[in-house]
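Each chain is listed here by its residues.
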Amino acid sequence: MSNNIPADLKYTKSHEWVRQTQNGALEIGITDHAQSALGDLVFVEVPDVGRALAAGETCAVVESVKAASDVYCPLAGKVVANNVALSSKPELLNEDPYGAGWLFRLEADASADMKSLMSPALYRTFLAEESK
Amino acid sequence: MTELSLREPLIFELSKPGRGAVTQFPPNVAGSVRVPENLRRRSPPALPEVSELQAVRHFTRLSQMNFSIDTHFYPLGSCTMKYNPKACNTYAMLPEFLGRHPLGPEPQGFLACMYELQGMLQEITGMQAVSLTPMAGAQGEFAGVAMIRAYHRARNDTGRTEIIVPQAAHGTNPATATMCGYTVREIPCDANGDVDIEALKLAVSPATAGIMLTNPSTLGVFERKIVQIARTVHEAGGLLYYDGANLNAILGKVRPGDMGFDVIHMNLHKTFSTPHGGGGPGSGAVGVSARLKAFLPLPIVGKENARYRWLTEGDLPQSIGRLSGFMGNAGVNLRAYIYMRLLGRQGMVRVAEFAALNANYLMKRLQAIGFEAAYPKRRASHEFIITLKQEHKAYHVSAMDVAKRLLDYGFHAPTTYFPLLVPECLLIEPTETEAKEDLDRFCDAMASIREEMRHDPEKLASAPHTMPVRRLDDVRAAKQLDLIWKGSAAYQEPLGS
Amino acid sequence: MAFIPHTAEDIARMLGVIGVNGIEDLFDEIPAELRAGALSLPEPLSEMEIGRLMGERAAIDGRPLNFIGAGAYEHHIPAPVWSIATRGEFYSAYTPYQAEASQGTLQLVYEYQSMMCALTGMEVSNASLYDGASALAEACLMAVRSNRSSSSRRILMPRAVNPTYAQVARAIAGNQDISFVPVDYDRFAGVTLLEALEAYSAQDFTALIVQQPNFFGSLEEVDALTNWAHENKILLIALVNPISLALLKPPAQWGTEIAGVRGADIVCGEGQSLGVPLASGGPYFGFMATRMHYVRQMPGRIVGRTVDTEGRPGFSLTLQAREQHIRRSKATSNICTNQGLMVTAATIYMSLLGPRGLEAVAQASMQRTGELISALCQVAGVKRGFTAPHFHEAVLLLDRPAAEVLAALYRKGIIGGLDLSERYPELGSAMLVCATETKLSVDIDRYRAALTDAMSASCAT
C-alpha cells in the first residue's frame, strides 16, 4: 500500500491533508494512503466556490467502484477555489494526490485552529496504529 | 460473416423501420378523441421494430447467457437459491388470478389463500400477526423499523434516536435505519461469531430504539446469546428486529417469536422459494408481537362472518400506512402459499434439517480438501464461510479469482466479500434441494481449483474462460458511463435517407 | 413435502463425514429452551391436490368484465412475453452480481433502460423499483437530496395525484421529516389549478409532482406547471403512464427552457401496463428516469455497457457506490431486490409492440374510453365529471350512490369502476372508469345495458 507523507503538510484522522499556500488560503486534499485504500477513483465531487464550511462538515465525495467516502472539512472557512479538473479526470487524485489531485482551497475563519491538525510524524504514527 | 459467437446484438440493432410483430397490434378503433396539439408527442419513441420471431429468438438467446437454479448449482450465501417448484408458478398464473383487478370487489378465492398464508407465516415464526404488504426484504425491514418508531412515538417516548446494528449485518440494515430517520450504532462480534455482549451493554441507552439482528447471523452461525441480547435490549426500552434473511436455517426448529423478537420480516423469495427473477420481485412479509400489531402496514386480510376482506385505515388507525399502490406483490405471495401447502407440516421441518445437513457436509468436505473455515469450531447453519486469506498470501489468488474460476466449472459462484469482517471470504449456501452428488461435484471443482492455485495461478487470475465475456472493466463502466443505447437519433432517420 | 433428493444412504454417509449421529445434532447450538414444538400447519399436498385446490379458489373469483384502471390497466399481453419471461434462465436466476454468468439479464436491463429513456426522453433510467407508488416516494427522497437551492423538505402534492400514491409517499418519506402540501384541482375541468400554485410562489419548496394523465384520467397542462416549478427553483417530478407516452409529449420536453433547464427533472411511474398482468395487485414494477446530472442521487440498480479484458463489449452493474451494500447508512435507498422479472416482461412487450404498436394500443385505449363515456352518459342519471381532455380514464357522476350501483353491476359479472365517494367526497357520488384496447363495443354495450338496469333498480329501492 502506498504511503507517501510529505513533510510540509498537516493531516487529519480522516485522511485529509492541508497545505498553507502563499496567498494565505489553505489547499485541501486526501492523502496518498486514502487514495490507495479506495482504489481507482471513478468520481469526485468538490464543494462549490463560496460555500461556508464548518470544521468536520462533509464537503466532498470520492468514489471508487467498490467504495465511496465522504471528505470532511479540516477547518472552518469559505471555499475560494475548487479543482474542476477532477470532474472529468478523477484519476488525477490517484496519480498525484498532493498535487494535481487537490480538492479545494479554503479561506479559513479567524477561529480556525491549525494546531488541531496532525504533523507528518503524528500522522505516520496514527496510520501505523490504525493498521494494527 | 464471423464465426458463431455467444454475443447477441442489441435488440435495437435488429430493428428496421416498417417491420413489426403486427399480430400483437390492436385493430384500429375509429373515434373522435384527440390529444390537444400542445400535449401531443412530436416524434415516435425510439423503440425497436422487429418481427415476433426476432424478438423471441433474441430474448431466448439472452436467457441462455444466464446461470440459474434451473440450469446450475447456485450456492450463493445469504440468498437461498433453492429449487422454485414449477407448480407454484403454474397455479399462481391461473387466468382468474392473473386477470383480477386489485380494486374490484374482494375476490374470496384469492383472499382465502392470503388469509391462510398470513396464518401459516404467523405459526412458523411465532409472531402474533402478519402483513403481506412489503414488496421485498428491504421494504419489510423498512416496515419493521417504521413500526418500532411508531411504537415509541405512540408512547411519547421521543428520545430514542438510535438503532443498533452488528458490524456483520447486511448493508440494507443500516440503510433502512437511515430511511426511518434513525442514526446507526454499530457493535462488534466476538471471535466465535457471536455478538459482543459487553459492547452491546455499553451501546444500549435511553436513546436506543431497537436492534436489528439476523439469527443465524450473516457469519453462518446461530447467535447463542440471543436470550441475553433480547433481555439487554428490552431492559433498555428498545425493541428487537429480526432480519429474516436466514430463516431457512431454522424453519420449524426455533421461532423468532420465541427468541424474544418483536418484529420480523421474511424473504418469501428465499425461504418460501418464490423465484428471484434475475433480481426480483421478492416479498418481504412482516410479522409482529402483540405490542406492534396496531402499527402493521396496510392492507391486511381479515375474516368476518366467513367473508374475507381487506383491513384498512378504519380498522388499524395507528398503522404506519401503505407501502405499495395496491396489495404488495400479491402474485409472489400466492406462489409462497402454494409452496407452503405443498410442503405442509412435515415438509417445512425437513427444509431446515436438510439445509443444515448439506451445509455442514460441504463445510467438512472443503475443510478436508484444505480450505479454511472461518468458524471451524461452530456448527454451520444453512451456510458457512471459507476464508482464503492463507491462499491469498501464498499464491496471490483472491476470493474473486476462485469465484470466477468456479463459473468455468459450471457452478455459480458463492457470495464473495460478504460479510466484510472475514478477509477473502466465500459465503456458501447449498440449500436443501441439492443432491449429494452435486455437492460432491462442487468439492471436486474446488479441489481442482486448489491445484490450479499452486500450479497455474494465472488461470485463476484471468478466469472465467468459458463465459460469453471475460472479466469486465468496472472502472471504465463507472467512469465512461454508457447507460443507454445512443443510436436513437440515427434510428429515427428513415432508411436510405 | 419438501423437495429433498437425499436417500437414506446419502444421509448416513453425510452424517458420517460430519461426524454426528443424527440430523438433530446439527441443531445442538440452539438453546434447548428455545426449541420449537410441533407446528400447527396443514398436511402436505401433492401437486395434483394443490392444482385442484387452486382451481377451486380461482373458480370462486371467476372472470368478471373489468372497467377499473386507477393505476393498474388491463392490456393484451402477447403470448411470447410470459412464455419467455418464465424460462428458468430468467425466472430462477439471481441478481446479476456475477456479471460474466448473467450477461443475458444485464443486456436485457440495458435494453430496458434504453427503452424507458426513449419513452420519457430522459438521459438515464434505473433497473426498476417496486411499483409506481413506491417509485414516487423514492422520487421525493431523491428530489430532497438533489435540490440544493431548497432546504424546506416540503413537496407540493396535487390532489389530482393518485391518493394512494400520496399515502405511500407520506408513509415512506414522512419518516425523514419530509412534508407534503396539497394543491387543489379545478372542479370543472378536473386538472390541477395553476392559481392554487401561484399562492406558493414566494415560498421554499423542494419539488412539485405532476401526474399525467392525472388520477381522474384528465390531461394536465404540463407546460405551464413545469415552467412554474422551474421559475421558482422547484424540481419537477413527473408521474406518468408509459403507454400514454406513445401519444403524449415526453416529460423531458415539458415546458420551455428556463435557466438552461427544460422538462421534468425526475420521471417515475407504474410500469405494469407494459406486459404485466393485473394479478390482484402485483407484482408490478416502478420505473424511474432522470437527467445525467442527478444520476448519483438516483436509487436502485443501474446497468452499464463496458468492455472485458479482451476489449469485447459486455454489461455490468455500475455506480454501485450509491447502493446499500457499499454505502450502508449513507446509501441513496435501502432497495436491494427490485422487480427484475417484471422488467424482463416489459422489455419483451416493448420490443414486440415497438413504436407503432404502442401508439396503436394508446390510441385504441383512448378511443374505447371515449366510446365508453358516450355510451354510459346516455344512461339516465349518469354524466361526465370533468371537461378536460382525457386519455383512457374518466370520472362519471351518478345520481344514485356509486357503491350500490357498483354492487348491482358486480352481480352481473361487471366490475364497473372505482367508487370515488370516500376519496373525493366533494364530488358526491362519483366513479372512475377505464377502457383499454381489450374492451370491444360488445363489452361496452353490455356495460351500458347493465348500468341502465342498475340505475333504475336502485332508483326503485
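Once a new chain begins, its residue numbering starts again from 1 and follows that chain's sequence as written. Ligands are numbered from 1 and chains lettered from A, in the order in which they are written. A pLDDT threshold of at least 70 governs which residues receive local features in this predicted model, and a stricter bar of 80 or more applies before side-chain atom pairs are shown or counted, although totals over entire chains, interfaces and linings include all residues. To get the side-chain values, all heavy atoms of the structure are used, and hydrogens and water are removed first.

Draft legend 1. Expanded view of the overall build of chain A. When helices and strands are counted, chain A shows four helices and nine strands. Listed by position from the N terminus, the elements making up chain A come as β-β-β-α-β-β-β-β-β-α-α-β-α. In terms of overall size, chain A behaves like a compact globule, its C-alpha atoms giving a radius of gyration of 14 Å where 132 residues would be expected to give roughly 14 Å. Between buried and exposed lies partly exposed: a residue is buried under 20% and exposed over 50% of the maximum accessible area for its type, with that area taken using a 1.4 Å probe on protein chains only. In chain A, buried positions account for 48% of the 132 residues. A sequence separation of at least 24 residues applies to 61% of the contacts in chain A between residues at least 6 apart. For chain A, the exposed surface amounts to about 6,300 Å²; the carbon and sulfur share of it is 51%. Here chain A holds 11 positive side-chain charges and 18 negative ones, and the gap between their average locations is 5 Å. The way it works is that DSSP assigns letters per residue, a run of H or I at least four long becomes a helix, a run of E at least two long becomes a strand, and they are numbered from the N terminus. It is over C-alpha atoms that the radius of gyration is taken, and the globule rule equals 2.2 Å times the number of residues to the power 0.38. Residues are treated as being in contact if the distance between any of their heavy atoms lies within 4.5 Å. Shrake-Rupley sampling with a 1.4 Å probe provides the accessible areas, and residues are treated as covered by the protein chains on show and by no other component. Positive residues here are Lys and Arg, negative ones are Asp and Glu, while His and the chain termini are left out of the count. For the purpose of locating charges, the reference atoms are NZ of Lys, CZ of Arg, CG of Asp and CD of Glu.

Draft legend 2. Main features of the overall build of chain B. Of the regular secondary structure elements, chain B holds 17 helices and 13 strands. At 26 Å, chain B has a C-alpha radius of gyration in line with the 23 Å of a compact globule built from 497 residues. Along the longest, intermediate and shortest principal axes, the C-alpha atoms of chain B span 75 × 70 × 45 Å. Every one of the 497 residues in chain B was classed for burial, and the buried ones make up 66%. Taking the contacts inside chain B whose residues are at least 6 apart along the sequence as the reference set, 72% of them involve residues at least 24 apart. For chain B, the distance from the average position of its 53 positive side-chain charges to the average position of its 49 negative side-chain charges is 3 Å.

Draft legend 3. A look at the interface of chain B and chain C. Facing 197 residues of chain B, the contacting portion of chain C comprises 185 residues. Buried area adds together the accessible area that both of two parts lose upon being put together, with accessible area traced by a 1.4 Å probe. In total, chain B and chain C occlude about 16,400 Å² of area from one another, counting both sides; carbon and sulfur atoms represent 64% of this. Definition used for salt bridges: Asp or Glu carboxyl oxygen within 4 Å of a side-chain nitrogen of Lys or Arg. At the boundary of chain B with chain C, the tally comes to 10 salt bridges. Between C:E43 and B:R345 there is a salt bridge, with its nearest N and O atoms 2.3 Å apart. By the criterion applied in these results, polar contacts are pairs of N or O atoms within 3.5 Å in which, for protein atoms, one can donate a hydrogen and the other can accept it, and in which residues neighboring in sequence qualify only through two side-chain atoms. Linking chain B to chain C there are 90 residue pairs in polar contact (both at pLDDT 80 or more). Among the residues making up the side of chain B that touches chain C, the classes are represented as 106 nonpolar, 50 polar and 41 charged. Ten residues, namely Ala, Val, Leu, Ile, Met, Phe, Trp, Tyr, Cys and Pro, are considered nonpolar, four, namely Asp, Glu, Lys and Arg, are considered charged, and the remaining ones, Gly among them, are considered polar.

Draft legend 4. Molecular detail of the sheet that holds strand β13 (residues 425-428) of chain B. Residue and element names in this part refer to chain B. An order of β10-β11-β13-β12 is seen for the four strands of this open sheet, with the pairing classed as antiparallel. Only two strands of the sheet have a single neighbouring strand rather than two, namely β10 (372-373) and β12 (415-416). In the sheet, β10 pairs with strand β11 (residues 384-387) via two bridges, with the strands oriented antiparallel. Bridged to A373 within β11 is I386. Strand pairing is defined by DSSP finding a minimum of two bridges between the two strands.

Draft legend 5. Main features of the pairing of strand β2 (residues 16-20) of chain A. All names here are of chain A. Here strand β1 (residues 10-11) pairs with β2 via two bridges, running antiparallel. Directly across from K10, in β2, lies its bridge partner V18. From the end of β1 to the start of β2, which pair antiparallel, there are four residues, and H15 there has a positive phi angle of about 70°. Looking at chain direction, β2 and strand β3 (residues 26-30) are connected through five bridges and run antiparallel. Counterpart to W17 in the pairing with β3 is G29. In this structure, the hairpin formed by β2 and β3 is closed by a connection of five residues, where G24 is found at a positive phi of approximately 100°.

Draft legend 6. How the structure looks around the packing of aromatic side chains. Within 6.5 Å between ring centres, the rings of Phe, Tyr and Trp (the latter by its six-membered ring) count as paired, and their orientation is classed by plane angle as stacked under 30 degrees, edge-to-face over 60, tilted in between. For the structure shown, the criterion picks out 24 aromatic pairs over all chains. For the ring pair B:Y151 and B:F295, a centre distance of 6.5 Å and an interplane angle of 90° mean the geometry is edge-to-face. You can see B:Y151 sitting in helix α5 (residues 137-154) and its partner B:F295 sitting in the loop between β7 (286-288) and β8 (300-304), a full 144 residues away along the chain. Like B:Y151, the residue B:F295 is buried in the burial classification. Connected via pairs of aromatic rings, a cluster forms that spans C:Y185, C:F215, C:F216, C:F386 and C:Y424.

Draft legend 7. Seen up close, the interface of chain A and chain C. Facing the 13 residues of chain A at the interface are seven residues of chain C. The junction of chain A with chain C conceals about 740 Å² of combined surface from both sides, 41% of it contributed by carbon and sulfur atoms. On the chain A side of the interface with chain C, the three residues burying the most area are A:E63, A:A68 and A:D70, jointly 44% of the side's total. The tally of links from chain A across to chain C stands at four salt bridges. For C:R148, the salt bridge goes to A:E45, with nearest N and O atoms at 3.5 Å. Taken together, the connections running from chain A to chain C amount to four residue pairs in polar contact (both at pLDDT 80 or more).

Draft legend 8. Structural view of the sheet that holds β1(A). If you walk across this open sheet you meet the six strands as β1-β2-β3-β9-β8-β5 (chain A), and the pairing is antiparallel. The open sheet terminates on both sides in strands that have one partner only, identified here as β1 and β5 (52-53) of chain A.

Draft legend 9. Local environment of the domain arrangement of chain B. Examined at the domain level, chain B breaks down into domain 1 (11-63), domain 2 (86-343) and domain 3 (351-479). One C-alpha centre belongs to domain 1 of chain B, the other to domain 2 of chain B, and the line joining them spans 42 Å. Segment limits for the domains were obtained from an automatic or database-derived domain assignment.

Draft legend 10. Up close: the pattern of salt bridges. All names here are of chain C. Enumeration according to the criterion identifies 61 salt bridges over all chains in this entry. Across the salt bridge formed by E9 and R13, the nearest N and O atoms sit 3.5 Å from each other. Note that E9 and R13 are positioned in helix α1 (residues 8-18) at a spacing of four residues, about one turn of the helix.

Draft legend 11. Seen up close, the side chain of C:T95. Within the fold, C:T95 resides in the loop between α4 (88-91) and α5 (103-120). Looking at C:T95, its side chain comes within polar contact range of the side chain of C:R301, at 3.3 Å. Ignoring any residue separated from it by four or fewer positions in sequence, one finds C:T95 in contact with B:G278, B:G279, C:R301 and C:L317.

Draft legend 12. Broad picture of helix α9 (residues 222-231) of chain C. Residues and elements named next belong to chain C. Burial runs high along α9: eight of the 10 residues are buried. The set of residues buried in α9 consists of V222, D223, L225, T226, N227, W228, A229 and H230. Those residues of α9 that are buried lie in contact with β3 (154-158), α8 (194-198), β5 (207-212) and β6 (235-240). K233 sits one or two positions beyond α9 and adopts a positive phi of about 55°.

Draft legend 13. Looking closely at unusual backbone geometry. With an omega dihedral of 5°, the bond running from B:G280 to B:P281 counts as a cis peptide bond. Mapped onto the fold, B:P281 is located in the loop between α10 (268-271) and β7. A cis amide bond, omega -5°, links B:F418 with the succeeding residue B:P419. With respect to the helices, strands and loops of the structure, B:P419 is situated in the loop between β12 and β13. Backbone geometry at C:L319 places phi at a positive 55°, although glycine is not the residue there. For C:L319, a relative accessible area of 4% gives the class buried.

Draft legend 14. The arrangement of the packing of helix α11 (residues 330-369) of chain B against helix α14 (residues 436-455) of chain B in detail. Residue and element names in this part refer to chain B. Packing of α11 against α14 brings their axes to within 10 Å, and their N-to-C directions diverge by 25°. Put simply, α11 runs roughly parallel to α14. In terms of crossing hand, the pair formed by α11 and α14 is right-handed. Only K436, L439, D440, F442, C443, D444, M446, A447 and R450 of α14 make contact with α11, whose side of the interface consists of N358, Y361, L362, R365, L366 and I369. Per-class residue counts for the contact of α11 with α14 are nine nonpolar, one polar and five charged. Here an angle of 0 to 180 degrees is reported between the N-to-C directions of two axes, which are lines fitted to C-alpha atoms, with helices fitted over the stretch in contact. Roughly parallel means an angle under 35 degrees; roughly antiparallel means over 145; roughly perpendicular covers 65 to 115; every other angle is labelled oblique. For any helix crossing, the convention is left-handed if the near helix is rotated counterclockwise from the far helix by under a right angle, and right-handed if that rotation is clockwise.

Draft legend 15. Inspection of the packing of helix α1 (residues 52-63) of chain B against α5(C) at higher detail. Look at α1(B) against α5(C): their axes get within 7 Å of each other, and the N-to-C directions meet at 135°. Judged by the inter-axis angle, α1(B) sits oblique to α5(C). Together, B:H58, B:F59 and B:L62 of α1(B) and C:G104, C:Q107, C:L108 and C:E111 of α5(C) make up the contact between the two elements. Looking at the contact of α1(B) with α5(C) residue by residue, the class counts come to three nonpolar, three polar and one charged.

Draft legend 16. Just the nonpolar core, in detail. Joining through side-chain atoms within 4.5 Å is the link that ties buried Ala, Val, Leu, Ile, Met, Phe, Trp, Tyr and Cys residues into a set, and such a set is a nonpolar core. Ranked by internal contacts, the top residues of the largest apolar core, which has 200 residues, are B:L121, B:F272, B:L366, C:M54, C:L156, C:L208 and C:M350. Sequence-distant contacts of C:M350, defined by excluding residues within four places in its chain, comprise B:L47, C:Y112, C:M115, C:M116, C:L119 and C:L274. Core analysis: the next-biggest nonpolar cluster, separate from the first, contains 75 residues, B:A138, B:V286, B:L298 and C:A169 among them.

Draft legend 17. Representation of the pairing of strand β9 (residues 307-311) of chain B within the structure. Residues and elements named next belong to chain B. Judged from the five bridges that link them, β8 and β9 form a sheet pairing that is antiparallel. For I300, the partnering residue across the bridge sits in β9 and is L311. Taking the residues that link successive antiparallel strands as the turn, the β8-β9 hairpin has two residues, and the phi of N305 there is positive, at about 45°.

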